[in-house]
2 protein chains.
Amino acid sequence: MSVTLHTGENCHLTNSNVISGPAIRRAGRQTVVFERPPVIVGRMSVVGDKEGKGPLGKYFRKVEKDVKLGEKTFEKAEMRMLETAIEGAILDSGLSMRDVQMLISGDLLNQLTSSSYVARSLNMPHLGLYSACSTMTESLALASCMINAGYFDTIACATVSHFATAERQYRFPLEYGCQRPPYAQWTVTGAGCSVLSDRGEGVRITAATFGKVIDFGTTDLNNMGAAMAPAALNTLTVMLEETDTKPEDYDLILTGDLGKLGSDILRDLMTEQGYFLGSNYIDCGNMIYAVDQNCYQGGSGAGCSASIVNSFVIDKMLAGQYHKVAYLATGALMSPQSCYQGESIPCISHAVIMEV
Amino acid sequence: MSVTLHTGENCHLTNSNVISGPAIRRAGRQTVVFERPPVIVGRMSVVGDKEGKGPLGKYFRKVEKDVKLGEKTFEKAEMRMLETAIEGAILDSGLSMRDVQMLISGDLLNQLTSSSYVARSLNMPHLGLYSACSTMTESLALASCMINAGYFDTIACATVSHFATAERQYRFPLEYGCQRPPYAQWTVTGAGCSVLSDRGEGVRITAATFGKVIDFGTTDLNNMGAAMAPAALNTLTVMLEETDTKPEDYDLILTGDLGKLGSDILRDLMTEQGYFLGSNYIDCGNMIYAVDQNCYQGGSGAGCSASIVNSFVIDKMLAGQYHKVAYLATGALMSPQSCYQGESIPCISHAVIMEV
């Protein structure tokens, strides 16, 4: 591992209006290690009925029995779900809405409509992100950078996805009754929000690795796990190298939503690179549904890992079961238009290391 | 103006692997003032034929006579244009591709396809952003935060838009020959890229104001200027308050693409708030086309202000004509789907202050 470091030239203390920023340690070209790791002081997870009936059902804070949440459209239901997650996480943090200085969020809908429409009712600056199902870690990584640097004290990070809106937008409206191949995944109806703060007790984000866009040439829109596995491989190996850690140093290595097939591929690819992923490796997409729920390779969607991390994973961390977790959400960045035009599927994975 | 400041508690120098981050000055809840302002060390602008024939034609670095750039589809042409802008800006900076540590970019296409597909050929981490036509300032603001904090040395910021892809996606394919109302704007075919660095000479980004999502209830998809003006108003007044400046302190106040009508509305709204915008206020959308080019209220699109700032504006700054520029790109965050469902248009404006 080569460690690239700044010289100390950049510590200015010129007048009383100027305070020194935090110390930072740069591990490498893609990883930032935080000297003042932000704390997840509040969190919320909301999922749909199907997710609530899955193996992780009891961990989610709220299960919506009606997938339309009483709204007229699935899109409005998705917005409502995101709003519930953000408000719930802020409530959980014990802070007021006014204390939260920024919302960093994204979703799968074109033009990030869920995020934008929810943000208009929140009186705080908004950064809209898009990296498909990797948006939750892009958001956590950026918020951690902003808080560690002292720019803001408290930032909410959130994502959402909804099965019916994703089907309508990426594939076909539900009414068409399309059949799915056995290697497909099922978009999770769910939302998650974490409130990060520069103070407090709890799970801390100690490092972030920003991913590169990786495309191994997969063109099958239904086989997202296979498309995304190489991006997870790239970010995970970079993260391990740049932080000088091994897979066994983590109590949990968690990928976003590679599903069963994709996570098996990741294991194989990692083995080829000389890393062994043992029983400490799990995939959110692979966990969220039971086999008899007929979701084939498992869950996907920006809300998949966001809802699981903000429930099951942090619950287990606070209970002392996991101390150090590498969380790599993974995103497939194609659009229906790019696929119609014969393009393959570029993918990305951003990662954060969480410790308690 | 109330100045919110951290106490100095966050200066850690614990061992030789840890360096102090830069000093930062927090002006308020939405604005970050940079103590070590990043420098724009390289830039590039590429536009289409129509834009090349407009009043700013001679300033653009490259004018593409063929709006398809020799590609089979408009979408591929848009990607090629973005790639040209990024490669051109890196070349202009005198750096090599390897020196650039991150790409922060976004575009108007669903799932940010132009950005994602271009990023896969660049071997650097990628942050995908979406704030519609405000993406260029979101990108510059975030990159400045990252560089000022010492996380990365050099970051490329880029956006692109294309008339034909935007029409196909947001309205109708060109072949339909739809007529436009006189208050409509014309999506600019163009791309801009700035390479920001922690060292070097040139235009510096000295502050950034992150915008809130503002929705005054406009529902007419063709009247984007009217929808976006209140968002520009909000960010501009916050920026002025939080940096304790007045409009006359700037040689240039530049909005992204409100167009003629939208910028007139902004002048009126600012007057109501007690600020007078004089001849130092101009709008990129209002400048890019001549009246006889039949673009009605002017240009719009993520590539509009990005191409103008990276040509005309920085040219004039380096020539000594403008010393201090407030650049507020403005974005309308609706989607076709949200409009079909009767929603109004939420808008946002992120701002940066550039000085030389």
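Small disclaimer: the values here were computed from a predicted structure and weren't measured.

It is worth spelling out the nonpolar core at this point. One finds Ile-86 and Leu-266 of chain A together with Ile-86 and Leu-266 of chain B to be the most contacted residues of the largest nonpolar core, which totals 132 residues. Contact partners of Leu-266 of chain B, with chain neighbours within four places excluded, come to Ala-229, Ala-232, Leu-233, Thr-255, Leu-258, Leu-277 and Tyr-281 of chain B.

What follows covers the layout of surface pockets. The volume enclosed by the largest pocket comes to roughly 980 Å³. In this structure, the largest pocket is lined by 43 residues; those nearest its centre are Arg-168, Gln-169, Tyr-170, Arg-171 and Pro-336 of chain A. Of all the secondary-structure elements, those providing two or more residues to the lining of the largest pocket are helix H5 (163-170) and helix H10 (336-340) of chain A together with helix H2 (74-93), helix H5 (163-170) and helix H10 (336-340) of chain B. Considering every element that reaches the lining of the largest pocket, the biggest residue donor is H5 of chain A, with 6 residues. Looking at the lining of the largest pocket residue by residue, the classes come out as 17 nonpolar, 19 polar and 7 charged.

All names here are of chain B. Spanning 14 residues, helix H7 (residues 259-272) covers 20 Å between terminal C-alpha atoms, matching the ideal 20 Å at 1.5 Å per step. Taken residue by residue, H7 has Gly-259, Gly-262, Ser-263, Leu-266, Leu-269 and Met-270 as its buried positions. Taken down its axis, H7 places every buried residue within 120° of arc, on the same side. Buried residues along H7 sit against helix H6 (224-242), strand E12 (252-255), strand E13 (281-283) and helix H8 (284-287). Phi turns positive, to about 90°, at Gly-274, one or two residues after H7.

On to the packing of aromatic side chains. Within this structure, the stated rule accounts for 10 aromatic pairs over all chains. Ring centres of Tyr-59 of chain A and Phe-312 of chain A lie 4.9 Å apart, and the angle between their planes is 85°; on these two criteria the pair is classed as edge-to-face. Placement of the pair is Tyr-59 of chain A in the loop between helix H1 (49-52) and strand E5 (62-64) and Phe-312 of chain A in helix H9 (residues 302-318), with a sequence separation of 253 residues. The same class applies to Tyr-59 of chain A as to Phe-312 of chain A, namely buried. Across from the ring centre of Tyr-250 of chain B, 5.1 Å away, lies the NZ or CZ of Lys-324 of chain B, which sits over that ring.

The subject of this paragraph is the pairing of strand E10 (residues 190-197) of chain B. All names here are of chain B. For E10, a buried count of 8 out of 8 residues is recorded, marking the element as mostly surrounded by other parts of the structure. Side-chain alternation along E10 places Gly-190, Gly-192, Ser-194 and Leu-196 on one buried face and Ala-191, Cys-193, Val-195 and Ser-197 on a second face that is also buried. Bridging between strand E4 (residues 39-48) and E10 involves 8 bridges; their strand directions are antiparallel. Bridge pairing in E10 links Val-46 to Ala-191. Summarising the sheet, strand E8 (residues 154-161) and E10 pair through 8 bridges and their orientation is antiparallel. Directly across from Ala-156, in E10, lies its bridge partner Val-195.

Residues and elements named next belong to chain B. Along the chain, the position of Asp-257 falls in the loop between E12 and H7. Buried within the structure, Asp-257 lacks any salt-bridge partner; its nearest side chain of opposite charge belongs to Arg-171, at an N-O separation of 9.1 Å. Among all residues touching Asp-257, those that are not within four sequence positions of it are Cys-133, Gln-185, Met-228, Asp-283, Gly-285, Gly-299, Ser-300, Gly-301, Cys-304 and Thr-330.

All names here are of chain B. Taking 1.5 Å of rise per residue, the 20 residues of H2 would be expected to cover 28 Å, and the 29 Å separating its terminal C-alpha atoms lies within 8% of that figure. Where burial is concerned, most of H2 is hidden: 15 out of the 20 residues are buried. Count one or two residues on from H2 and you reach Gly-94, which has phi positive near 80°.

In this section: the pairing of strand E4 (residues 39-48) of chain A. Residues and elements named next belong to chain A. Burial analysis of E4 places 9 of its 10 residues in the buried class, the great majority of the element. Bridge count between E4 and E5: 3 bridges; the pairing is parallel. Bridge pairing links Val-47 to Val-63 in E5.

About the cut-offs
Residues numbered from 1 in each chain as written. Chains lettered and ligands numbered in written order. Predicted model: local features only at pLDDT ≥ 70, side-chain atom pairs only at ≥ 80, totals over all residues. Heavy atoms only, no water. Core = buried A, V, L, I, M, F, W, Y, C linked by side-chain atoms within 4.5 Å. Buried < 20%, exposed > 50% of the residue type's maximum accessible area, 1.4 Å probe, protein only. Contact = heavy atoms within 4.5 Å. 1 Å grid on protein atoms, 1.4 Å probe; cavity = no way out; pocket = protein on both sides within 12 Å on 5 of 7 lines; lining within 4 Å. Points joined across faces, edges and corners; volume = space filled by probe spheres on them. Helix = DSSP H or I, 4+ residues; strand = E, 2+ residues; numbered from the N terminus. Nonpolar A, V, L, I, M, F, W, Y, C, P; charged D, E, K, R; others polar. Expected span 1.5 Å × (residues − 1). Arc of directions from axis to C-beta. Phe/Tyr/Trp six-rings, centres within 6.5 Å; stacked < 30°, edge-to-face > 60°. Lys NZ or Arg CZ within 6 Å of the ring centre and 35° of its normal. Pairing = 2+ DSSP bridges. Lys, Arg positive; Asp, Glu negative; His and termini not counted. Salt bridge = Lys/Arg side-chain N within 4 Å of Asp/Glu carboxyl O.

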